Amino acid sequence: MIKQTIAFLGAGSMAEAMISGMVESGNIPAENIIVTNRSNQERLNTINHKYGVRTVLKDELNFAEVDQFILAMKPKDIDAVLADLKDKLTANQVLVSVLAGITTSYMEERLNEGQQVIRVMPNTSSMLRESATAISPGRFADMDNVLVAKELLKSIGEVFVIEEDKMDVFTGIAGSGPAYFYYLMEHIEETGRAEGMDRETLREIGAQTLLGAAKMMLERDESPTELRENVTSPNGTTAAGLNALDQAGGGYAISEAIKGAAGRSKELSKELEGLLVGSK
Ligand SMILES: NC(=O)C1=CN([C@@H]2O[C@H](COP(=O)(O)OP(=O)(O)OC[C@H]3O[C@@H](n4cnc5c(N)ncnc54)[C@H](OP(=O)(O)O)[C@@H]3O)[C@@H](O)[C@H]2O)C=CC1
Ligand SMILES: O=C(O)[C@@H]1CCC=N1
């Protein structure tokens, strides 16, 4: 059981997904989680009623009782948050950021020397405790705090400790990844609907097919290539489907999606620093 007190700065969709998974896991008592935002009291009331966590506007937060702050606002708001936190934090308090593209050095440079920072990248499947989450500690994060953060993240899914220079591509694959599968589902539904099937049945069929393939990849020793070949009979339906996918540039589209998201992640800190042409 995690005994530390965690404060979310941000109460949007990513924060809610994490809160839901954490409370559901039972690994941390709901009263050890405090959720804040700047001004949306109604949103805080909803989160309080749904999950039993404590909620306050950010200016009413009692800093002294917090061990780890989870930064869960949009990247564009990070400068204001760091400026506000800088002199309120003590050396043993940790900032755990879920912000896409914001590097640990970006945060460390704007805080007092030695402040502990950890960068993580969850996804919205945290809500069902099925996130694939990456964690990269900053220069000053001490091991005990990294272990607590890791434990906390384990309550919302699988955790991968990675080098920070891999965080952009991880974001392109796993942070943004659920959207690619939802996009795939939208097209599955659209195509099935055009053949007269109903949306609800199509959703179950598509989701069960995705789930089955995901489980095969997690639980069997075969590579994705071997698994694909096992589905593909010579001159059969799958060969025809894969051929059409290749002809339409399916593989290329997938790697472009990952590269596009990773590229955007790489840009975000630079954009805030005004280092990109055409940015602030
Ligand atoms: N959505 C996703 O799938 C994923 C998102 N992320 C990251 O999560 C972060 C949040 O995304 P998302 O939840 O979609 O964003 P939302 O816009 O839904 O939520 C942002 C929240 O931050 C609050 N906020 C803004 N400034 C402050 C502040 N100074 N102190 C406290 N709260 C503040 C806002 O409320 P108010 O305006 O009332 O202050 C709002 O509750 C982003 O940085 C994103 O990169 C990471 C992985 C996946
Ligand atoms: O779209 C975004 O920027 C965030 C980060 C990863 C998923 N959603």
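Below: a short report on this structure. (Residues numbered from 1 in each chain as written. Chains lettered and ligands numbered in written order. Predicted model: local features only at pLDDT ≥ 70, side-chain atom pairs only at ≥ 80, totals over all residues. Heavy atoms only, no water.)

**Structural notes on the nonpolar core**
In this structure, Phe8, Met22, Val35 and Ile118 are the most contacted members of the largest nonpolar core, which totals 35 residues. Of all the secondary structure elements, the ones that give two or more residues to this core are strand E1 (6-9), helix H1 (13-25), strand E2 (33-37), helix H2 (41-51), strand E5 (94-97), strand E6 (116-121) and helix H5 (143-154). Examining the composition of this core, we find that six residues originate from one element, H1, more than from any other. Counting 22 residues, the second-largest nonpolar core is a separate cluster that includes Leu61, Leu99, Met107 and Val117. (Core = buried A, V, L, I, M, F, W, Y, C linked by side-chain atoms within 4.5 Å. Buried < 20%, exposed > 50% of the residue type's maximum accessible area, 1.4 Å probe, protein only. Helix = DSSP H or I, 4+ residues; strand = E, 2+ residues; numbered from the N terminus.)

**Brief notes about the site of ligand 2**
Taken together, the residues surrounding ligand 2 are Ala100, Gly175 and Ser176. Contact with the protein chains covers 42% of the free accessible surface of ligand 2, which is 250 Å². (Near = heavy atom within 4 Å. Areas by Shrake-Rupley, 256 points an atom, 1.4 Å probe, with all protein chains shown as cover.)

**Focus: the pattern of salt bridges**
Per the stated rule, a full pass over the model turns up 22 salt bridges. With a closest N to O distance of 3.9 Å, Glu151 and Lys154 form a salt bridge. Taken together, the residues span about one helical turn, with Glu151 and Lys154 both in helix H5 at a distance of three residues. Residue Lys154 is classed as partly exposed on the basis of its relative accessible area, which comes to 42%. Across the pair Arg199 and Glu189 runs a salt bridge, and its minimum N-O distance is 3.0 Å. Remark: Glu189 occurs in helix H7 (residues 177-194) and Arg199 occurs in helix H8 (residues 199-219); sequence separation between them is ten residues. Looking at Arg199, the relative accessible area reads 35%, which means it is partly exposed. Here the salt bridges share partners, and the residues they tie into one network are Lys58, Asp59, Asp84 and Lys88. (Salt bridge = Lys/Arg side-chain N within 4 Å of Asp/Glu carboxyl O.)

**Description of the site of ligand 1**
Taken together, 24 residues lie around ligand 1, and Ala11, Met14, Arg38, Met73 and Ala100 are the ones closest in. Separating an oxygen atom of ligand 1 from a backbone N or O atom of Met73 is a distance of 2.6 Å. Measuring from an oxygen atom of ligand 1, one finds a side-chain N or O atom of Lys74 at 3.3 Å. The protein chains hide 80% of the 900 Å² of surface that ligand 1 would expose on its own. Looking at the shell around ligand 1, the elements with two or more residues in it are H1 and E2. When grouped by side-chain class, the residues that make up the shell around ligand 1 number twelve nonpolar, eight polar and four charged. (Polar contact = N/O pair within 3.5 Å; in protein donor to acceptor, adjacent residues only side chain to side chain. Nonpolar A, V, L, I, M, F, W, Y, C, P; charged D, E, K, R; others polar.)

Everything listed is a geometric property; what it means functionally is a separate question.
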